[in-house]
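# Architecture at a glance
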Amino acid sequence: MHISDGVLPTAVTIAAYAVSFCGAAWSLRQVENKDLPKIAVVTSAFFVASLIHLPFGPTSVHLLLPGIVGALLGPVAFLSIFLGLFLQSILFQFGGLTALGANGVMMGMPALLCGLLFHLIRGKTALSHTIAGGICGGLGTLLAATLLAGLLATAGEDFAGVAKIALAAHIPVFIVEAGVSAFAVSFLFKVKPELLDTSRLRK
Amino acid sequence: MRHRNLFQIITLSSLIFLGGFCLPPAVFAVEEHPSAAGRTTASAQVQESACQEIITLLQEQDKKTQRELGRIKREIALLNQQLDKPGISEMLGGIGYIFGLFGLAAYVASRKKKDRGEH
């Protein structure tokens, strides 16, 4: 799920770049030194995840992971996703550089929201963590697909039609994503719960 | 009676003799016309059938090349698709970039900390 070069109108591209840069800069300020290795690993996972294609019917789907990135990194998620998308666009030709801002908004915003939501609903037990992880995983992809449709709507596409297609095409992704996120969070809760403590918001 | 017989024999033989002279050209003349016409129609038919054969051969060949071309086009499309797909080196390179960048950040952070500690 990447927006390609030249799809969006110039004004939207520039606005999305502005939002993305603000988000990344704000995110960068939230980085704590002790979190650097964790951020690096999660960023790498996000970077590689979109290459693992699972065949599904006539098409194939791949993981997007905004939900779990948000859950693991909290406010730093935006920076992580922006960096991952940047490297994807220059190394894999996913999306393209001019659409990077829009892609950053599309994936970064759901990640931030999911991070916040995970922080609010994760509770204390393993079960609540697992459920929260699953919800965040599914919701991240859902929000990303909705944002994709919204951004494409600015390019003159019929919003409802695109939204329906994007949501329908990503139904398997929601499910897989929710499962993967729930599993990852429950596993981390068991073996290294401190990884789930995201860095606190700094002004 | 005998004379008559003789006369008959002579006339018959002369007729035959004359016939020998006259008939063959006549027969040829009779035969030549239809044979010439037959030959031209036959050769035209031969030519036509040869043309048909060549046309069918060409058509078959055309079909074959079309099929081959289609196959090659599909292969090229497939190859293009595979070329678009990032390979393992790009994946590892990207991961390397990420770790490198964060390593650099960690290094800078540790330097800052050290500087702050010393001052």
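## Regarding the overall build of chain A
- The helix and strand inventory of chain A stands at 8 helices and 2 strands.
- Counting helices and strands in the order they occur from the N terminus, chain A gives α-α-β-β-α-α-α-α-α-α.
- Here the C-alpha atoms of chain A give a radius of gyration of 16 Å, agreeing with the 17 Å that 2.2 N^0.38 yields for 203 residues.
- Each principal axis of the C-alpha atoms in chain A carries an extent, and together these give about 45 × 40 × 30 Å.
- In chain A, which comprises 203 residues, the share counted as buried stands at 50%.
- Restricting the contact set of chain A to residue pairs at least 6 apart, pairs at least 24 apart contribute 77%.

## Brief notes about the overall build of chain B
- Counting its regular elements, chain B contains 2 helices and 0 strands.
- Relative to its full complement of 119 residues, chain B shows a buried share of 3%.

## What about the confidence of the model for chain B?
- Averaged over chain B, the pLDDT score is 77; the fraction of residues at 70 or greater is 66%.
- Scoring the predicted complex yields pTM 0.72 and, for the interface, ipTM 0.76.

## Structural notes on the environment of A:Pro193
- Position of A:Pro193 relative to the elements: it lies in the segment after helix 8 (171–191).
- Linking A:Pro193 and A:Ser80, residues 113 residues apart in sequence, is a C-alpha distance of 21 Å.

## Some words on the nonpolar core
- Ranked by internal contacts, the top residues of the largest apolar core, which has 62 residues, are A:Val69, A:Ile81, A:Met106 and A:Leu148.
- At the level of secondary structure, the elements contributing two or more residues to this core comprise helix 1 (10–29), helix 2 (36–49), helix 3 (66–73), helix 4 (77–91), helix 5 (100–121), helix 6 (126–154) and helix 8 of chain A together with helix 2 (88–118) of chain B.
- Per-element accounting of this core gives the leading share, 13 residues, to helix 6 of chain A.
- Excluding anything up to four places from it in sequence, A:Val69 contacts A:Val42, A:Phe46, A:Ala77, A:Ser80, A:Ile81 and A:Ala111.

## Notes on the interface of chain B and chain A
- Each side of the interface is counted separately: chain B has 14 residues, and chain A has 14 residues.
- Counting residues per element, the side of chain B that touches chain A draws most heavily on helix 2 of chain B, which supplies 12 residues.
- Residue composition of the side of chain B that touches chain A, grouped by class: 10 nonpolar, 2 polar and 2 charged.

## Quick notes on the packing of helix 1 of chain A against helix 4 of chain A
Residue and element names in this part refer to chain A.
- Contact geometry for helix 1 and helix 4: axes closest at 7 Å, N-to-C directions at 125°. When the axis of helix 1 is compared with that of helix 4, the two are oblique. Here the hand of the crossing between helix 1 and helix 4 comes out left-handed. Where helix 1 approaches helix 4, its residues Ser-20, Gly-23, Ala-24, Ser-27 and Leu-28 are matched on the opposing element by Phe-78, Leu-79 and Phe-82.
- Among the residues forming the contact of helix 1 with helix 4, the class breakdown is 5 nonpolar, 3 polar and no charged.

The rules we used
Residues numbered from 1 in each chain as written. Chains lettered and ligands numbered in written order. Predicted model: local features only at pLDDT ≥ 70, side-chain atom pairs only at ≥ 80, totals over all residues. Helix = DSSP H or I, 4+ residues; strand = E, 2+ residues; numbered from the N terminus. Rg over C-alpha atoms; globule rule 2.2 N^0.38 Å. Buried ≥ 20, exposed ≤ 12 C-beta atoms within 10 Å, placed from the backbone. Contact = placed C-beta atoms within 7 Å. pLDDT = per-residue confidence, 0-100. Core = buried A, V, L, I, M, F, W, Y, C linked by C-beta atoms within 7 Å. Nonpolar A, V, L, I, M, F, W, Y, C, P; charged D, E, K, R; others polar. Axes fitted to C-alpha atoms, helices over the stretch in contact; angles between N-to-C directions. Parallel < 35°, antiparallel > 145°, perpendicular 65-115°, else oblique. Left-handed = near helix turned anticlockwise from the far one by under 90°.

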